[in-house]
Structure formats: structure tokens, C-alpha cells
Amino acid sequence: MLDTEGRVASWNNGAKRLKGYPAEDVLGQHVAIFCTPDDVARQLPPRALAQAAAEGAHESEGWRVRKGGERFSGRASRSRHCATRAGRCVDS
């Protein structure tokens, strides 16, 4: 789950297995750490977050990056909802 700024707000064992990061390494980091340098340069992470905020959802397929730099093909879904954690609205 991401917070409204695109930082990782929660983590689970499935995410750890898929992406290689233990919770202590990823919590609070921006979602861009899972994106390729090309996607970051093209501003895809903030554009996806903006679309999810404006339209309620965003989905994409493409290369993602594991801890250590290994790439894998993946699908990402982000949706806006107003569950709160510590008084803040969080996105998934």
C-alpha cells in the first residue's frame, strides 16, 4: 500500500518474495524504486499516482525492478480510497 505521496506505507511477505526487499528497507521509500530508470526519467511514477488520484485508478504493465536491479515483467494497479492510517488517507 502507498500513502498519498507515493511512499510505501505497508509491506507483506508476498511483496518481499516478489521484489526482494524486507520491510525495513522499503517502508517510507517512493514507489519509483520499483521502476526502471527510463520510466523514472519519463516521470511515469508521479503521472500514474496523479491519474489514480484524479480518476480513481491507474493500471500499467511493464518492467519492474527488484532489489539488486533485476528486472521482471509486472502489472501495477493503484486505486484511490480513503482508508486512513495515522490520520492520513492512503492509496493502494
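It should be noted that the structure appears before, not after, this text.
For clarity, every value in this text was computed on a predicted model and none was experimentally measured.

(A) Up close: the overall build of the chain. From N to C terminus, the chain includes four helices and five strands. Its helices and strands in sequence order give the chain the pattern β-α-α-α-α-β-β-β-β, from N to C terminus. Expressed as a percentage of the 92 residues in the chain, the buried residues total 30%. A sequence separation of at least 24 residues applies to 39% of the contacts in the chain between residues at least 6 apart.

(B) Fine view of the packing of aromatic side chains. In the structure shown here, the tally under the stated rule is two aromatic pairs. Measuring from centroid to centroid gives 5.8 Å for Y21 and F34, while their planes differ by 75 degrees, and the two rings are edge-to-face. Of the two residues, Y21 sits in the loop between α1 (13-19) and α2 (23-26) while F34 sits in the loop between α2 and α3 (37-41), which places them 13 residues apart along the sequence. F34 sits in the buried class, given a relative accessible area of 5%.

(C) Just the environment of A57, in detail. Structurally, the position occupied by A57 is in strand β2 (residues 57-65). A57 gets classed as partly exposed once you look at its relative accessible area, which sits at 39%. A57 sits 20 residues away from S77 along the chain, and the two C-alpha atoms are 7.3 Å apart. When neighbours within four sequence positions are excluded, A57 is seen to be in contact with Q51, A52, R78 and S79.

The rules we used
Residues numbered from 1 in each chain as written. Predicted model: local features only at pLDDT ≥ 70, side-chain atom pairs only at ≥ 80, totals over all residues. Heavy atoms only, no water. Helix = DSSP H or I, 4+ residues; strand = E, 2+ residues; numbered from the N terminus. Buried < 20%, exposed > 50% of the residue type's maximum accessible area, 1.4 Å probe, protein only. Contact = heavy atoms within 4.5 Å. Phe/Tyr/Trp six-rings, centres within 6.5 Å; stacked < 30°, edge-to-face > 60°.

These figures capture arrangement, not role.
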